[in-house]
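Coordinate inspection notes
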Amino acid sequence: MTYLECIHRIEEKNALGSRPGLSTIREMLKRLGNPERGIPAVQIAGTNGKGSILAYTESILTEAGVKTGRYVSPAVFDYREKFLVGGTPVSVECVADALGRALTVSDEMVRDGLPEPTAFETETAAAFLIFRMADCRVLLVECGMGGALDATNVFDENKLSVLASVSLDHLGILGNTEAEIADTKLGITRPGETLIVFPEQEDAVTEVIRKWVRKNNLTLITPDPVYLRIIRETAEESCFLYLGNPYTLQLPGRHQILNAITAIEICLHLDSIGLDIPTEKNLADGLANTRWPGRWTVLKRNPYLILDGAHNEKAWLVLADNIRRLFPEKKIYFLTGVFRDKEYNKMTEILSPLICEAAVITTPGPRGLPAEQLAECFREKGVPAASFREYKDALHALERKAGAEDVILVSGSLSFLGEILRLSGYGESK
């Protein structure tokens, strides 16, 4: 199959939706020769920050000369971003080869009377094929929506588990409270292994973690903010000390500092899966060199045009905190779109006091909340808001209004950030 033929088949499979369970993915991997086996893995679950934590970890390991295979979802700018080797998307030919093999197995399973693998299951199998063919020394794997029954949860040994920040998301699917969601996501752990946990969790989540650790005899590692000292924060970088060592990030915000120290702890405990611990220079250089498009990405200045992938209530609380600290006196113009299964009324309550005007689009796909419905939520809270059909019209409307000292902030579903990146000319330099 050609690359475009594979992408078309995956798009057709998207109609299958999500189907929790491991029997289908395990059968796929068995028929493909179990490419996931025998390679140490770092697997991360959680609601917010998964991608950033693994991006930091990947950059540190690359500095240390360790070839990484990182599986990411969703892609923001290019489909191949899902499959990163050493931080770089693999070639079109490589993706076509792996996806073609996975799709062939999918067709065989259907002919054998088995359930058809979903798009995510097929992509997951293809990712492990890609990383096996690339001779990766460690797998960095981001869970999809779930935990215990997520298609990525196929590692039976030699794995380091990570729990990122947990908050309300995909309500009714993963659970209806943060505690229930945490319990689902902790299902990636195996008895006796090491678990690294993001340092600031809700009390109910922390209690679930404690019970899970006792029940499964886990070694729990949580970064300690007592050893964290923030030196400087601007709209474009953060400088801090952790465990007495200095670090600089190109991804601003206190939440990114907490993501970074979580990545540091991951790297300091890689010996639990048989890998060497990176040097202090590897840690510092890796963090300083991390780039993660769509996560507080500064696209333009005068006025600032900033993209951030905050897409749920807790993430918008973090976004609001960043606005207050980094732009306390500036006018904020906001472009957004969200999924209908998010707590969008609470989300608009969080940001409405901080923005002067909103432009709203409908995110693509059946989950997209109609733009006019979200715009009305803003208007009810006193924020002028207009709905748009096209991304470019929404962005250009705000660019015409914003002065050189103002800020245009684009946030919401990651599914549309790639379009804004293209409109801003981001891809032209790639």
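Summarised in this report is the structure supplied together with it. (Residues numbered from 1 in each chain as written. Predicted model: local features only at pLDDT ≥ 70, side-chain atom pairs only at ≥ 80, totals over all residues. Heavy atoms only, no water.)

1. Looking at the overall build of the chain
Secondary structure assignment for the chain yields 14 helices and 17 strands. Computed over C-alpha atoms, the radius of gyration of the chain comes to 21 Å, within 12% of the 22 Å expected from 2.2 N^0.38 for 430 residues, which places it in the range of a compact globule. When burial is assessed residue by residue, the chain has 57% of its 430 residues classed as buried. In the chain, of all internal contacts separated by at least 6 residues, the share reaching a separation of at least 24 is 74%. Surface accessibility of the chain: about 17400 Å² in total, with carbon and sulfur atoms responsible for 50%. Side chains of the chain give 48 positive and 58 negative charges; the mean places of these two sets differ by 0 Å. (Helix = DSSP H or I, 4+ residues; strand = E, 2+ residues; numbered from the N terminus. Rg over C-alpha atoms; globule rule 2.2 N^0.38 Å. Buried < 20%, exposed > 50% of the residue type's maximum accessible area, 1.4 Å probe, protein only. Contact = heavy atoms within 4.5 Å. Areas by Shrake-Rupley, 256 points an atom, 1.4 Å probe, with all protein chains shown as cover. Lys, Arg positive; Asp, Glu negative; His and termini not counted. Charge placed at Lys NZ, Arg CZ, Asp CG, Glu CD.)

2. What to know about the pattern of salt bridges
Taken as a whole and judged by the stated rule, the model has 24 salt bridges. In this structure, D78 and R80 form a salt bridge, with 3.4 Å as the shortest nitrogen-oxygen distance. (Salt bridge = Lys/Arg side-chain N within 4 Å of Asp/Glu carboxyl O.)

3. Observations regarding the packing of aromatic side chains
Describing an aromatic ring pair means giving the distance of the ring centres and the angle of the ring planes. Under the defined criterion, the tally for this structure stands at nine aromatic pairs. Aromatic side chains Y71 and F83 sit 6.1 Å apart centroid to centroid with 10° between the ring planes, which places their arrangement in the stacked category. Here F83 lies in strand β3 (residues 83–85) and Y71 lies in strand β2 (residues 68–71), a separation of twelve residues in the sequence. Site record: aromatic cluster; members linked through ring pairs are Y71, Y79, F83 and F120. The cationic tip of K215 hangs over the ring face of W212; the distance from NZ or CZ to the ring centre is 5.8 Å. (Phe/Tyr/Trp six-rings, centres within 6.5 Å; stacked < 30°, edge-to-face > 60°. Lys NZ or Arg CZ within 6 Å of the ring centre and 35° of its normal.)

4. Notes on the side chain of E58
Mapped onto the secondary structure, E58 falls in helix α3 (residues 50–63). Given a relative accessible area of 7%, E58 falls into the buried group. In contact with E58, not counting residues within four places along its chain, are T68, R70, L84, G87 and L140.

5. Describing the sheet that holds strand β12 (residues 297–300)
Spatial strand order, β12-β13-β17-β14-β15-β16: six strands in an open sheet with mixed pairing. Unpaired on one side and paired on the other, β12 and β16 (385–388) mark the two borders of the sheet. Direction aside, the axes of adjacent strands within the sheet are offset by 20° on average. Taken together, the four bridges between strand β14 (residues 332–337) and strand β15 (residues 357–361) define a ladder with parallel strand orientation. Across the sheet, residue T336 finds its bridge partner in β15, namely V360. Against the sheet, helix α13 (residues 391–401) engages β12, β13 (304–308), β14, β15, β16 and β17 (407–412), with an angle of about 175° to β14. (Pairing = 2+ DSSP bridges. Axes fitted to C-alpha atoms, helices over the stretch in contact; angles between N-to-C directions.)

6. As for the side chain of S165
The residue S165 is located in the loop between β6 (159–163) and α6 (178–185) in this model. Take S165: its relative accessible area is 7%, and that puts it in the buried class. Apart from residues no more than four positions distant in its own chain, S165 is found in contact with G46, T47, N48, F198, Q201 and K314.

7. A short note on helix α8 (residues 254–268)
For α8, spanning 15 residues, the distance from its first C-alpha to its last is 21 Å, which sits close to the expected 21 Å at 1.5 Å a residue. Buried residues dominate α8, accounting for twelve of its 15 residues. (Expected span 1.5 Å × (residues − 1).)

8. A look at the environment of A98
By the secondary structure assignment, A98 is in helix α4 (residues 92–111). Spatially, the C-alpha atoms of A98 and L335 are 37 Å apart, while their sequence positions differ by 237 residues. Apart from residues lying up to four places away in sequence, A98 is in contact with A126, L129, I130 and M133.

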